[in-house]
Structure formats: structure tokens, C-alpha cells
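Structural features, examined
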Number of protein chains: 2
Amino acid sequence: MLKLKALFEPKSVAVVGASTREGSVGSDTLKNLIKSGYKGKIYPVNPKAKILSGLKCYQSISQIKTKIDLVLIIVPAAIVAQVLEEAGRLGVPAAIIISAGFKDVGRQDLEIEIKKIAQKYNIAVLGPNCLGLINPSKKLNLSFAPLMPKAGGLAFLTQSGALGTAIIDIARDLNIGFSVFASVGNKAVIDEADLISYWKNDKKTKVFGIYAEQLNRPEILGAVIDNLCVGANPKPVVILKSGRTSIGASASLSHTGAMAGNDAVYDAFFSRHGVIRANSVNEFFSYLQIFNNNKHLPAKRVAIITNAGGPGILAVDALAYNGLNVASLSLESKQKLKKVLPAAGSSHNPVDLLGDAGPERYRAALEIISQDAKVDSMLIVVSPQSMTRVDELTHWLVNWQKKCLKPLAVCLMGASLMEDSIVKLRQVGVAVYTYPEEAVKALAALSKFNDSKHLFNDKKVFDLPKINRLSRHEADKIFIQAKAESFTALAEFQVLPILKAYGIPTPKFILVDNNEDAILATKYFKGRLAIKVASPDILHKSDVGGVMLNVEPGDIPSARKSLLRAVSKNNPKARLFGVLIMPMFNPGLAELIVGAVKDNGLGHALMLGWGGIYTEIIKDSTFILPPFNKTVIREMFTSLKVNTLLDGARGAKAADKKAVVDILLRLYRLLQDFPQIKEIDLNPVVVYNKGVMVLDAKITLDNN
Amino acid sequence: MLKLKALFEPKSVAVVGASTREGSVGSDTLKNLIKSGYKGKIYPVNPKAKILSGLKCYQSISQIKTKIDLVLIIVPAAIVAQVLEEAGRLGVPAAIIISAGFKDVGRQDLEIEIKKIAQKYNIAVLGPNCLGLINPSKKLNLSFAPLMPKAGGLAFLTQSGALGTAIIDIARDLNIGFSVFASVGNKAVIDEADLISYWKNDKKTKVFGIYAEQLNRPEILGAVIDNLCVGANPKPVVILKSGRTSIGASASLSHTGAMAGNDAVYDAFFSRHGVIRANSVNEFFSYLQIFNNNKHLPAKRVAIITNAGGPGILAVDALAYNGLNVASLSLESKQKLKKVLPAAGSSHNPVDLLGDAGPERYRAALEIISQDAKVDSMLIVVSPQSMTRVDELTHWLVNWQKKCLKPLAVCLMGASLMEDSIVKLRQVGVAVYTYPEEAVKALAALSKFNDSKHLFNDKKVFDLPKINRLSRHEADKIFIQAKAESFTALAEFQVLPILKAYGIPTPKFILVDNNEDAILATKYFKGRLAIKVASPDILHKSDVGGVMLNVEPGDIPSARKSLLRAVSKNNPKARLFGVLIMPMFNPGLAELIVGAVKDNGLGHALMLGWGGIYTEIIKDSTFILPPFNKTVIREMFTSLKVNTLLDGARGAKAADKKAVVDILLRLYRLLQDFPQIKEIDLNPVVVYNKGVMVLDAKITLDNN
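Attention shifts here to the relation of the copies chain A and chain B. You can overlay chain A on chain B at an RMSD of 0.0 Å; the transform is a turn of 180 degrees with a shift of 0.0 Å along its axis. Such a turn and shift between the copies fits a two-fold axis. Residues of chain A ranked by C-alpha distance from the rotation axis are headed by A:Ile618, positioned 3.8 Å from it. Looking at chain A, 100% of its interface residues are interface residues in chain B too, so the copies touch through the same face.

So, on to the sheet that holds strand β5 (residues 70–73) of chain A. Residue and element names in this part refer to chain A. Across the sheet, which stays open at both edges, the 5 strands sit in the order β2-β1-β5-β6-β7 with parallel pairing between neighbours. Where the open sheet ends on each side, the last strands, each with one partner, are β2 (41–45) and β7 (124–126). Taken pair by pair, the neighbouring strands of this sheet meet at an average axis angle of 15 degrees, ignoring direction. Bridge count between strand β1 (residues 12–16) and β5: 4 bridges; the pairing is parallel. Its bridge partner being in β5, Val13 is matched across the sheet by Leu70.

All names here are of chain B. The set of residues buried in helix α16 (residues 419–427) consists of Ser421, Ile422, Leu425 and Arg426. Along the axis of α16, the buried residues cluster in a sector spanning 125 degrees; they form a single face. Residues of α16 that are exposed and angled more than 90 degrees away from the buried face: Glu419, Asp420 and Gln427. The elements touched by buried residues of α16 are α5 (161–173), α11 (281–293), α15 (390–403), β19 (408–412) and β20 (431–433). Following α16 by one or two positions, Gly429 has its phi on the positive side, about 85 degrees.

With that out of the way, let us pick up the domain arrangement of chain A. As a measure of interface size, the accessible area lost when the parts come together is often cited. All names here are of chain A. For chain A, the domain assignment lists domain 1 (5–291) and domain 2 (297–456). For domain 1 and domain 2, the distance between their C-alpha centres works out to 38 Å. Buried surface at the junction of domain 1 and domain 2, both sides included, amounts to about 1700 Å², of which 65% is carbon and sulfur. Considering only the surface of domain 1 that becomes buried against domain 2, Asn175, Gln289 and Ile290 emerge as the three largest contributors, covering 29% of it. Where domain 1 meets domain 2, there are 1 salt bridge. Those elements that provide at least two residues to the side of domain 1 that touches domain 2 are α10 (264–272) and α11 (281–293). Ranked by residues supplied to the side of domain 1 that touches domain 2, first place goes to α11 with 7 residues. Per-class residue counts for the side of domain 1 that touches domain 2 are 8 nonpolar, 7 polar and 5 charged.

The next subject is the confidence of the model for chain A. With 97% of its residues at a pLDDT of 70 or more, chain A has an overall mean of 93. Predicted complex, confidence summary: ipTM 0.92, pTM 0.94.

All names here are of chain B. The contact between helix α20 (residues 515–524) and helix α21 (residues 556–570) brings their axes to 8 Å, and the two run at 140 degrees. Taken as axis vectors, α20 and α21 run oblique relative to one another. Note on element contacts: α21 touches α20 through Ile556, Pro557, Arg560 and Lys561, opposite Asn515, Ala518, Ile519, Ala521 and Thr522. Grouping the amino acids of the contact of α20 with α21 by side-chain chemistry returns 5 nonpolar, 2 polar and 2 charged.

Another point: the pairing of strand β31 (residues 697–701) of chain B. All names here are of chain B. Counted residue by residue, β31 has 5 buried out of 5 residues, so it is predominantly covered. Because side chains alternate across β31, one face comprises the buried residues Ala697, Ile699 and Leu701, and the other comprises Lys698 and Thr700, equally buried. Judged from the 2 bridges that link them, strand β21 (residues 489–490) and β31 form a sheet pairing that is antiparallel. Its bridge partner lying in β31, Ala489 is registered against Thr700. By the bridge criterion, 5 bridges tie strand β29 (residues 677–687) to β31 in an arrangement that is antiparallel. Opposite Leu682, over in β31, you have Ala697 as the bridge partner.

Moving on, we get to the interface of chain A and chain B. Residue-level contacts link 66 residues of chain A with 67 residues of chain B. Surface buried jointly by chain A and chain B totals about 4900 Å² across both partners, of which 66% is contributed by carbon and sulfur atoms. The interface formed by chain A and chain B includes 0 salt bridges. There are 27 residue pairs in polar contact (both at pLDDT 80 or more) connecting chain A and chain B. Looking at the side of chain A that touches chain B, the elements with two or more residues in it are α2 (25–35), α5 (161–173), β13 (237–241), α11, α12 (309–321), α17 (436–451), α23 (615–618) and α25 (643–646) of chain A. For the side of chain A that touches chain B, the element with the most residues is α5(A), which contributes 8 residues. Taken together, the residues of the side of chain A that touches chain B break down into 35 nonpolar, 19 polar and 12 charged.

On to the nonpolar core. Counting residues in hydrophobic clusters, the biggest one holds 234 residues, and the most contacted among them are A:Leu379 and B:Leu379. If we ignore the near neighbours within four places in the chain, the residues touching A:Leu379 are A:Val302, A:Ala303, A:Ile304, A:Ile305, A:Ala315, A:Ala409, A:Cys411, A:Ala439, A:Val440 and A:Leu443. By size, the runner-up hydrophobic cluster in this structure holds 129 residues, among which are A:Ala482, A:Ala489, B:Val632 and B:Val687.

On to the pattern of salt bridges, then. Residue and element names in this part refer to chain A. By the definition in use, this model includes 61 salt bridges over all chains. Across the salt bridge formed by Glu192 and Lys187, the nearest N and O atoms sit 2.8 Å from each other. Each of Lys241, Asp263, Asp267 and Arg277 takes part in one network of salt bridges that share partners.

Positive charge collects at one region of the surface, where A:Lys460, A:Lys630, A:Arg634 and A:Lys658 lie side by side. As for its position among the elements, A:Arg634 is in helix α24 (residues 630–638).

All names here are of chain B. Structurally, the position occupied by Val686 is in strand β29. The sequence separation of Val686 and Ile61 amounts to 625 residues, and the corresponding C-alpha distance is 67 Å. If we skip the residues at most four places from it in the chain, Val686 touches Asn586, Pro587, Gly588, Ala590, Glu591, Gly691, Val692, Met693 and Leu695.

Backbone torsion omega between A:Pro626 and A:Pro627 reads -5 degrees, so that peptide bond is classified as cis. Mapped onto the secondary structure, A:Pro627 falls in the loop between β28 (621–624) and α24. The peptide bond linking B:Asn683 to B:Pro684 adopts the cis configuration, its omega dihedral lying at 0 degrees. Here B:Pro684 is to be found in strand β29. A positive phi is found at B:Lys187, a non-glycine position, where the angle reads about 55 degrees. You will see that B:Ser486, though not glycine, has its phi angle at about 55 degrees, which is positive. Here B:Ser486 is to be found in the loop between α18 (469–484) and β21.

Calculation notes
- Residues numbered from 1 in each chain as written.
- Chains lettered and ligands numbered in written order.
- Predicted model: local features only at pLDDT ≥ 70, side-chain atom pairs only at ≥ 80, totals over all residues.
- Heavy atoms only, no water.
- Least-squares fit on C-alpha atoms with pLDDT ≥ 70 in both.
- Contact = heavy atoms within 4.5 Å.
- Pairing = 2+ DSSP bridges.
- Helix = DSSP H or I, 4+ residues; strand = E, 2+ residues; numbered from the N terminus.
- Axes fitted to C-alpha atoms, helices over the stretch in contact; angles between N-to-C directions.
- Buried < 20%, exposed > 50% of the residue type's maximum accessible area, 1.4 Å probe, protein only.
- Arc of directions from axis to C-beta.
- Domains from an automatic or database assignment.
- Buried area = accessible area lost by both parts, 1.4 Å probe.
- Salt bridge = Lys/Arg side-chain N within 4 Å of Asp/Glu carboxyl O.
- Nonpolar A, V, L, I, M, F, W, Y, C, P; charged D, E, K, R; others polar.
- pLDDT = per-residue confidence, 0-100.
- Parallel < 35°, antiparallel > 145°, perpendicular 65-115°, else oblique.
- Polar contact = N/O pair within 3.5 Å; in protein donor to acceptor, adjacent residues only side chain to side chain.
- Core = buried A, V, L, I, M, F, W, Y, C linked by side-chain atoms within 4.5 Å.
- Patch = residues over 30% accessible without salt bridge, like charges linked within 9 Å, V, L, I, M, F, W, Y side chains within 5 Å.
- Areas by Shrake-Rupley, 256 points an atom, 1.4 Å probe, with all protein chains shown as cover.
- Lys, Arg positive; Asp, Glu negative; His and termini not counted.
- Charge placed at Lys NZ, Arg CZ, Asp CG, Glu CD.

Here is the structure:
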């Protein structure tokens with residue numbers, strides 16, 4: 001376990017690479033540190049200078065001769081290791097490497113060196129390639145950000161330094177303060193899981209905001225995030241994750257791989273752990289504002305109080321779109337409202353106070369509605385009419401909100417006319433938005449966070465099925481052979497035996513590679529058959545004429561010949577291992593696809609979806625990540641369209657979902673045993689009201 | 001045709017209901033008019049005052065004795081008609097009724113009176129229940145809005161006055177000026193189509209922005225909007241339409257009705273006419289900004305130039321999400337970029353200038369990229385680093401953008417650090433955004449508008465099939481009977497004969513209402529049969545056991561009895577007209593649903609979708625509105641998932657789409673002949689590779 005205290009509360013800091021050159025990182029960083037009001041010792045280190053910004057400058061850290069808690073490294077990449085090694089020998093517990101030029105430019109070697117040194121001396125290293133770190137409550141700015149954020153409730157971690165500076169500037173405008181600002185850079189040593197772990201007990205921190213391009217160590221990160229919700233003051237995590245389109249862009253051989261595009265695996269991870277995902281920088285701030293300013297109470301049934309009908313309807317639209325409810329007010333509230341509203345006003349939700357409403361009418365309505373037990377949260381919408389007297393209304397709201405026990409969002413629709421009020425309300429911790437749709441999205445995030453607790457509260461994790469050694473050995477042989485022959489993929493005839501070994505239901509099948517065996521096979525089967533080409537080079541068999549259905553057993557020899565002829569013609573280079581023969585199966589209740597994909601950061605994720613010929617047409621699929629429990633499994637099914645068929649549409653019996661879950665768990669066991677599996681498709685998986693059957697499958701392998 | 005000139009350029013205005021009461025509409029409106037700098041005559045009218053705001057006040061408009069171009073009416077609803085009648089008799093050509101208390105509070109009667117007077121005297125009436133009208137270039141403020149907008153390129157029409165005032169305030173902040181601001185209120189006389197028609201030739205107007213809750217007269221409005229795109233300077237229409245959820249909320253008896261929820265009919269109307277729909281107020285402004293500041297050129301291939309990697313990736317994500325392309329730069333551009341960028345920078349799109357980029361590097365990159373023929377539009381992203389020198393960069397951009405011939409959006413990610421630059425760039429007509437996702441959405445709207453031209457450029461409108469009198473009479477009889485018996489819906493046995501009369505393929509069927517006929521029927525059919533209950537009270541036959549499939553002809557009598565028994569038990573009150581007997585059909589290539597729905601504002605829209613048992617599960621449907629042409633029909637098919645099946649998936653023959661189109665056109669003819677049809681479902685419609693067959697159908701009727 002890394003000891004991060006020295007990183008965030010160092011008693012002394014050496015700035016290695018401090019500089020005098022105006023506008024350089026070495027100069028800005030040193031100046032920031034001095035300017036920030038830091039109470040500890042500052043030691044500039046630069047062999048070419050005697051004094052920097054009025055401080056004595058050292059040739060090297062070894063010359064400092066007193067205890068150093070943290071080295072801030074801004075030297076060229078090539079000599080960073082040398083500085084870190086020196087720090088390690090001196091017993092420095094923490095370092096921030098601002099310097100770029102590591103993994104970011106393809107120099108993995110330099111980064112590995114850093115990691116090794118950090119490990120050797122147990123140094124808590126932030127970076128490299130980062131903007132640095134700011135701890136506002138300690139008046140500590142260890143970054144070259146042009147602005148010092150104010151202290152507050154946001155713990156912000158960013159994989160992009162440049163975005164970080166924009167975030168500081170915009171947050172200041174929104175009156176969002178920081179408990180910590182950390183630019184994690186390449187995350188060579190310290191990553192988000194470490195930082196959340198350290199900050200989770202910080203009393204000032206109300207919400208974690210993270211910008212990430214890739215996340216790693218899913219089990220640890222997931223557990224750390226789950227842990228934030230233990231206790232009376234849960235701390236939500238809001239993540240802005242970029243690179244949605246990167247997986248989708250690269251062509252994928254499997255259906256599962258194709259469906260994992262658009263970040264489906266990240267979405268699965270986030271919903272598994274109650275993380276609120278922001279889909280834009282704007283949403284990111286909307287969510288940070290609401291979490292920073294509200295208790296984490298239910299918010300689902302929203303009352304809208306407005307002086308403008310149009311924006312009221314827009315808010316109602318947004319509620320429906322975001323899965324929130326228009327609260328139905330109690331009869332008592334409605335009667336009370338009727339008394340305080342003009343005849344043309346609406347005492348139904350959205351409560352329309354009319355355009356000539358002044359502060360008195362807002363006040364009367366809000367005091368009634370905030371007491372209504374059928375209302376979870378309130379959205380106050382104000383458009384700037386002559387009669388609104390926004391200043392007065394604001395003055396009253398500033399005081400009233402202190403007593404208000406329910407989540408609250410205020411939408412002040414305007415610019416110059418609203419400016420002062422926006423500032424005043426934000427100062428007292430009210431979430432203020434310009435547009436009703438943004439305010440509603442924020443309330444939806446609050447509600448979603450509250451609802452997500454049931455997912456990680458379900459602690460009964462399924463055990464993965466045990467596989468005996470012999471079975472595992474069966475599978476092993478096939479993978480070893482594939483590696484020996486440099487196969488990048490395994491076709492059906494190779495995958496079915498693996499699945500069988502792992503207890504996944506597969507048809508009785510035989511592989512026939514000559515005419516004599518084909519003749520023998522005519523006696524082996526009864527009923528109609530499927531005959532398919534067996535080739536490690538052909539994953540899409542139908543495309544090359546490699547599948548014949550409904551073949552009579554007596555026709556096996558001739559079917560085999562004509563099938564191989566067709567395939568050879570369409571794909572002359574493919575190595576043909578013969579044909580696979582198996583019985584035809586009746587269609588069952590539905591055809592599913594069961595698959596898995598390996599994400600570079602999050603590891604293996606399982607997929608379930610509508611399979612067969614509809615796989616590509618309907619694109620109905622969902623991903624899940626471990627730990628698997630009943631709640632996760634149930635929500636996996638209900639999120640799918642095909643679930644209606646599984647539940648028994650139009651009087652049909654329900655499908656055997658237990659058997660589907662069994663396949664998923666066995667598949668996950670297989671992935672744990674063989675991490676070299678990059679993508680796997682079982683498709684179609686025919687589901688009956690009792691049992692399932694995997695009729696086809698393929699695997700693609702990691703190249704290394 | 002109404003003469004609107006007097007409305008927008010009156011030489012004299014009478015303000016009826018002008019008042020001295022501070023903060024009242026009558027007082028604010030008069031003051032606004034005086035303050036705005038209006039050059040014409042102003043006549044306050046109020047029987048209780050002699051002088052108002054320094055102007056002579058009249059007892060009534062009759063006493064004014066000189067020509068009045070416009071009366072602005074602010075009196076209580078009950079006496080508005082009287083004032084309008086007086087104005088009509090005096091020959092006043094235009095009126096604005098600000099007063100509320102008409103349709104808005106259920107007083108349709110008062111509104112009809114207004115309409116009649118307007119018609120009698122041919123008065124151009126805006127309102128009632130509106131904020132009024134502003135013509136900034138004429139310095140004319142005929143509203144009680146608290147702010148006067150500046151003159152500019154936005155023609156803004158709003159159905160919500162309160163939203164209007166917010167829009168004026170926010171637009172000022174964004175430096176968007178108005179050519180006209182019109183609050184249309186209840187639209188008793190003048191609606192959006194009239195206003196667009198009048199303003200379409202205005203040289204200052206660059207874009208129409210509309211907030212609407214309901215639109216009417218779809219043919220006229222559609223034609224007027226199409227007309228805006230004729231000529232070299234097309235004027236886009238951006239609409240913020242609220243009330244998305246109103247249809248969906250009311251329970252619907254038909255599938256088509258259910259699918260028309262979430263405003264699908266409006267979406268169809270908008271895409272038919274190249275209208276850009278904004279889904280939030282924020283989007284509305286994003287789009288207005290980009291259209292107000294850019295030529296309508298292609299924008300699809302976007303180059304991103306950034307000093308921050310993270311926001312660059314966010315922008316790429318947003319491009320993919322919004323259907324835009326990451327432009328691939330020409331080899332020449334890349335080589336030139338390499339020369340001006342540091343080694344760690346990226347000369348690929350997104351072009352990363354790195355965090356230490358100053359104005360020089362932006363300049364060098366932009367001059368290269370703006371000349372690249374493979375780039376349509378540019379997104380400049382700036383995060384506030386110490387080295388950015390945003391002021392200098394802005395100064396250069398202000399001049400450079402004049403020469404830039406390609407659409408341009410600038411994303412300045414920050415608040416206080418960017419404030420001055422945002423103002424300066426907006427002043428010279430650059431679209432500036434805080435967040436990359438917003439900037440990308442705006443470029444996408446530009447691109448979409450450019451792409452939408454092909455839809456209304458296709459002027460070859462399909463003729464609707466002709467139906468002979470006899471056939472129409474057949475259908476007529478059924479509707480007349482339904483009305484006589486107060487049916488609110490027509491069941492299959494009533495609808496199939498109507499469809500048959502209109503030339504829509506239906507199965508050979510007989511209605512059997514006694515045992516003798518059932519016995520006779522055993523001779524009439526060969527092959528297996530479907531037997532279904534015939535009752536005007538049962539629209540969902542399967543739910544009450546009212547359908548038996550695969551019945552042998554010999555079993556008709558017994559099947560009939562057991563079916564009727566089951567139905568009577570499940571629905572004892574239903575009137576049973578017997579059973580319908582028809583042959584079973586083979587499944588074909590796909591089962592479709594063909595339907596129509598009547599929207600209160602936009603009239604009948606046709607629907608096509610995936611039908612049969614998948615209707616509710618997959619919810620794959622699309623709506624179209626007339627005029628129908630090849631382009632509309634083609635895009636209708638390609639927007640559907642089921643189209644893959646229709647095109648012949650996995651080697652199957654293609655479906656007979658012509659036959660599907662023929663049904664749609666015949667159905668539309670039926671709707672024109674019988675406007676009392678509220679919803680109609682033909683489902684399933686089995687499609688073969690030659691021909692189609694409608695196997696079931698129902699109609700719901702308008703109550704009046």
C-alpha cells in the first residue's frame with residue numbers, strides 16, 4: 001500500500017527543474033507553489049542557478065541535506081529516472097513527475113524504469129506527463145495550472161491536464177470548490193483507485209469528479225467505489241470518459257466485439273458500481289453542481305414551480321426523457337395552491353404561477369409544495385418578466401433554501417438579468433442552471449445515484465462453477481495447438497470441444513475428414529443434419545458456402561463433397577480440416593448470443609443479446625462485469641428486448657434463464673483460465689423452456 | 001391573404017388598455033413603445049386617464065380621428081371583441097391582442113368571436129394571449145418584454161411569451177440580434193406560416209427560430225418552409241417543440257397510436273422539410289449561433305485543431321455521435337503541419353498543437369488546414385494554459401476569420417479566463433461555445449441542413465391512387481353504420497371490406513354468424529384456416545381467446561362454437577357478430593405494420609414498421625407525411641431495421657416494396673376520404689417477394 005500523505009501534505013518540496021525562463025513549466029510551477037501560500041519548505045533545484053524567485057537554488061536534491069517529503073520533477077524525460085533514483089536513495093516518500101515523453105510518445109521503456117524505481121523505494125509517484133496536484137485547503141499548488149481553485153467539496157482527478165485547467169476556470173464560475181485536484185497523467189504508479197481510496201474519508205469531499213480516457217484494475221477500482229457508499233454520507237463518483245468510439249472504429253471479427261464499441265463495457269462497469277457517467281463536459285458540471293449542493297435523498301418525483309408555461313412543458317418533457325416522474329401533488333397541496341394562485345394559474349404539477357408572479361407567489365407555492373409528502377425534489381423555474389423582481393425572489397430563496405430539506409434545483413432562464421442572482425444562489429450552495437433540461441438531467445443523476453444502491457448492496461456473489469483438471473486439460477491442448485500454429489482465431493470445430501469440457505451444452509457432433517468416415521457417419525445419425533466446414537481460417541462459414549442445413553444422413557458423403565468444393569472455390573487458401581456434422585435442432589423460444597470481449601483497461605466483460613439472424617439487425621445486447629449477483633443478472637435480462645420472448649410472449653412457456661446464467665458463469669470461468677481470449681461468440685444459443693444448446697461458436701485470440 | 005405590413009411597420013399605434021399602474025402590462029407596454037425610439041404616432045387609449053406617460057390619452061379609438069395602422073389591445077378578454085370590432089369599423093388593418101383569457105382558459109367561444117371579426121374586416125391579428133411583437137430595425141417595441149433586443153439576423157417566433165423574454169436576454173449575451181420577435185400566443189388568426197411567409201424575403205433575416213407547442217396547417221407551413229431554401233441564400237428553420245410526451249401519455253388503442261408518442265409525427269414533419277429540431281433550449285441557441293454566423297456550406301468533414309488532447313478526444317466522440325466525419329487531412333497538409341508542430345504534436349486530425357501552443361502555432365496550423373480540400377469545416381478548441389496567450393490568439397482570429405471561407409466553430413473552454421475573447425469573437429460573428437460537444441452539435445446541424453436539401457428538391461410527388469365511386473360507397477356504408485351505432489372503433493371484420501374496396505390486398509374471407517353457414521363453409525375452403533371473432537367491441541382478439549389458427553375446414557363448426565364460448569366467457573358484454581374465416585398464409589419475408597395516426601396539429605401521418613409479434617418488442621417504426629416522393633419513400637425504408645429483411649437477408653430474394661408503397665398510398669387516399677379516422681393499424685402485413693397481404697386490421701374513430 002502506497003503512503004500518499006506525503007503527496008498531499010508534504011512538509012517540504014524540492015522542485016527539480018525549476019527555471020527562470022518566463023512562461024516555462026519550470027518557472028510557472030515554482031511561482032505557483034510560492035504564490036499559493038504554502039507553509040512548508042521549498043527547495044528549487046537547478047544546476048545552472050544560485051537563486052530562483054528569491055529562494056536558494058540547489059545543484060541537486062542530494063545537496064539539500066534536510067528531509068524532503070516530495071520531489072516535483074520537471075526535467076526532460078531522459079533524466080527523470082536518475083532524479084527519482086536519487087530521491088529514492090534519500091528516502092523521499094513522494095514524487096510528482098510533470099515531465100512528458102514517456103508512454104505518451106511511445107517510450108514505454110522509460111515508464112517501466114520509473115515504475116521499477118518507485119517500487120524499489122516505495123515512492124508514491126503521480127504522473128508522469130501530468131499537470132500536477134493542488135490541495136486548496138492546505139494552500140498547496142504543485143502544478144503549472146494558471147489558476148488556483150478555491151477549497152470545497154469536489155475531489156477531481158483528470159487524465160488530461162489541459163482539460164484540468166479549463167475545469168478549474170469553469171468550476172470557479174460555478175462556485176464549485178475542490179478538496180483536491182490531481183492530474184494523474186500516464187498513471188505509471190498511482191491511479192484513480194489509489195486516490196479515491198486515500199480521499200474517501202476526507203470530510204470536506206462531497207463528490208468525486210473524474211475525467212478518464214482509460215481505467216484499469218476493475219476489481220480494485222470497483223471495490224473502492226462501492227466502498228464510498230458505505231455509511232450515512234455516500235460520495236458519488238461522476239465520470240467523464242472519452243474515447244467512446246475507439247473500439248468501434250477498429251474492425252472486429254466477432255459480433256460481441258462489434259457490439260462492445262461505443263464503450264458498452266465502460267457503461268456496464270459504471271452502472272455496476274453506481275458511477276454517474278457524464279456524456280459531455282456540460283453534463284459533467286451539471287452533475288457536479290447538484291451533488292456538491294444536495295443531500296443524497298430520493299429525487300424521483302419532481303415538482304416544477306414556474307412563472308412560464310413554455311419552460312414548464314420543456315421541463316416535463318425532460319423529466320419523461322430522463323426517467324423522472326412529474327410528482328402528483330396531494331389533494332391538500334392542490335387546494336392550498338388554489339387559494340394562493342390566480343384563477344388562470346395551475347395548481348397541478350407543473351405549477352404555473354403565471355408571468356406576473358412576484359416573490360410572494362413563489363414563496364407561498366414553495367412553502368406548500370416543499371411540505372408535500374408526494375414530492376421528492378423541486379425544480380424552480382424563473383423567466384425574467386417585469387413583474388418577477390428577481391432580486392427580491394433571490395434574497396428570499398437564499399434564506400429559505402437553508403430550511404428546505406428536499407433536493408432542489410433552480411433554473412434562472414436568462415443572462416444579464418439573472419447574473420447577480422446566479423452568483424448569490426451559488427454562493428449559498430444552490431444548484432443553479434440556465435436551461436430547464438440541464439436542471440432536470442442533474443436531478444435525474446441525483447435520483448439515479450440514489451437508486452443504484454441496490455446493485456452493490458446485493459453482496460451475495462455467485463460462485464463460478466468448478467472445472468476439473470481433466471476438462472481444463474482438454475481445453476488447454478486446443479489453445480496450445482493454436483498457439484503453436486499461430487492461429488489468431490479458433491473456429492467452431494475447435495471451440496465446441498472447449499465449451500463441452502467446460503460443461504456448456506453443445507450438440508453431439510463429429511468431425512469427418514475423408515470419404516470413408518463420411519460413409520460411416522451415415523449410420524451414426526438419425527434425423528436431419530447440419531454440415532459445416534471445419535477450417536481455422538473461416539470464421540464466417542455461411543459467407544463462403546460452408547454450411548448445409550437439413551441434410552439427410554444418407555446424403556452426408558455427397559453433401560460433404562459439394563460443400564468442400566464450394567468452399568475451396570470461394571476461399572482457395574483456407575486450410576480445410578474436414579466437415580462438422582451435427583443434428584438439426586428445433587428453434588426453441590429464442591436464439592441468443594452469449595459472448596465476451598476483453599477491454600484493454602477493464603478486462604473481460606460478458607455479453608448477452610438477441611442472437612441468430614437478428615444479431616446484426618436488432619443489435620439488442622447488454623454487457624456485465626463481475627462480481628455477478630442476482631440483481632446484476634436480473635437487470636441484464638430486463639434490459640433486453642428479447643427478454644419478452646424469454647418470459648414467454650403470447651402464452652408461450654418461459655425460457656430456462658437459469659441455464660443461460662449457467663452458460664455465462666461457465667464462460668467467465670473459461671475466460672479466467674484462458675486470459676488470452678480476446679473475443680468469444682456463442683451464437684446462436686437456442687433457449688428452450690428446459691435447457692439451452694450452443695449451435696455455433698468462435699474465439700479470437702490476443703496476438704501476444 | 002393577410003396584409004402584415006401594418007403589423008410590422010405601422011405608422012401609428014393605438015395602445016388600448018394603456019395604464020399608469022406601475023408594473024402592469026398596460027403600463028410596461030406603453031413605456032416600452034415610447035422608450036424604443038419608435039418614430040410613428042402613439043395614441044394611448046384609456047377611458048380613465050387624460051394623459052399617460054406624457055401623451056394625450058383617448059377615451060376610445062373612435063376618438064382618435066386620424067388613421068390608425070395598428071391597435072395594441074391589453075383590455076380584459078371579455079371586451080377585446082368590442083375593441084376589435086371598433087377597430088374593424090375604423091378600417092384599422094392590424095391588431096395585437098396581448099390579453100389572455102381565451103382558448104388558454106377554455107374560452108374557445110371568445111376566440112372564435114375574435115376570428116370572425118378579423119375575417120370580416122380582414123384585420124391581421126397577432127395573439128391573443130401573447131407578449132407582443134418587436135421589430136428592432138424599426139425601433140418598434142410592441143411588447144411588454146423587459147428588454148429590447150438588438151437588430152440582427154434572427155426571426156424569432158414563440159408560442160410562449162415568458163420563454164420569449166428569457167430568449168431575448170440570453171440572445172443578447174450571445175450577441176444574436178433579431179430581425180423580428182413575434183409572440184404568436186393562441187394563434188387565433190396569424191400563425192407561423194403567415195409570419196415566415198412575410199419575412200422570407202427580408203434581407204437581414206438569416207435564420208428562423210421557433211418555439212412551438214403545436215403547429216397547424218401542415219401543407220401550407222411545409223410549403224412555406226420548403227420555399228425558404230429556394231435561391232442562393234437559404235434560410236434554415238430551427239424549432240424547439242415542446243410537449244413531446246403528451247401523446248405518449250394518453251393511452252392509445254392502436255400500435256400506431258402508441259408509436260406516435262414522443263412526437264414521432266413532428267419529427268417526420270421536420271425532417272420532411274429540412275427543419276432543424278432542437279431538443280433543448282441550449283441546443284436551440286447552439287444552432288441559432290451557428291446558422292446566424294455561417295454560410296450554409298457543407299460541414300461534414302470536420303478538422304479539429306486543439307491545444308488539449310482530452311478535449312480533442314471528446315470532440316471526436318461527439319463527431320461520431322452526431323454523424324459527422326473526422327476529416328482525413330491531405331498528405332500535403334500533414335507534411336506541412338509536421339514542419340510547424342513540435343515532435344510530440346499530432347499532425348493527424350485531431351491536430352494536437354500541445355499545451356504550450358501560442359497564437360503562432362494556431363495560426364500556422366489553421367492556415368494549412370483551412371486550405372485543405374478534404375476539410376469542410378473547422379473546430380478550434382482552446383484550453384486556457386499559461387502559454388496560450390488567449391488575448392493575442394483572439395486578436396488574430398478576429399481578423400483571420402474574415403478570410404476564412406469554411407464553416408467555423410470555436411470552443412473556448414473556460415469562464416473568467418475566456419470571457420473577453422468570447423465577447424470579441426461573437427462581436428465579429430464567430431460561433432463560440434464553451435464545450436466541445438456543443439460546438440460539434442452545432443456543426444452537425446449545419447451539415448444536416450445542407451444534406452436535407454435533396455428531400456425537398458425531389459419535386460416528383462406521387463399521385464394518390466384513384467378510387468371509383470362504387471368502391472368508395474362500399475366504405476362509406478360501413479362508416480355511416482359505425483356512426484349510427486356510435487362505434488368508436490372498427491374491428492377487423494369491418495375494416496377488411498373497406499381495405500378491399502380501396503384496392504388493398506386482403507384475404508378471401510367470409511363472416512359466419514350461425515351454425516348452418518358454418519357447415520356450408522366447410523365446403524368453401526381448402527387448406528388450413530384462421531378463425532377469428534367478429535365483434536365491434538373487441539380490438540385485441542387474441543387477448544380474449546378470439547383467434548384460432550390452423551383449423552381444418554371440416555372443423556369449422558366446432559371451432560366456431562368453442563371460440564365463441566371462450567370469448568363470451570372472457571368478455572360477456574361484447575356484441576358478437578359471428579366469426580371471420582380466412583385461409584392461413586405462409587410467413588413471407590417479413591411481417592410489417594402499416595398504419596396511420598391523426599395528430600391534432602399536423603393531421604394524418606403514415607407509419608411503416610416491423611409488425612407481427614415483434615411490433616411491441618422491437619418497436620421499429622417510422623412516420624412519413626405528404627407530399628410523398630421517391631426520396632421520402634426510400635428513406636422511410638432505409639430508416640427501418642426490418643429493411644434488412646426486406647432487402648433479402650442471407651441470400652433470400654428481396655421483398656416487393658412497390659406493393660408496400662401501393663398500400664401506403666391507398667391508405668392515404670382512404671384517410672383523405674374519411675378524415676374521421678383517428679388511428680388505423682394494418683398488422684400483420686405479410687410481404688412476399690411478389691405481393692403483400694393484410695391479415696388483420698383495425699380503425700379507431702374520432703369521437704366527433
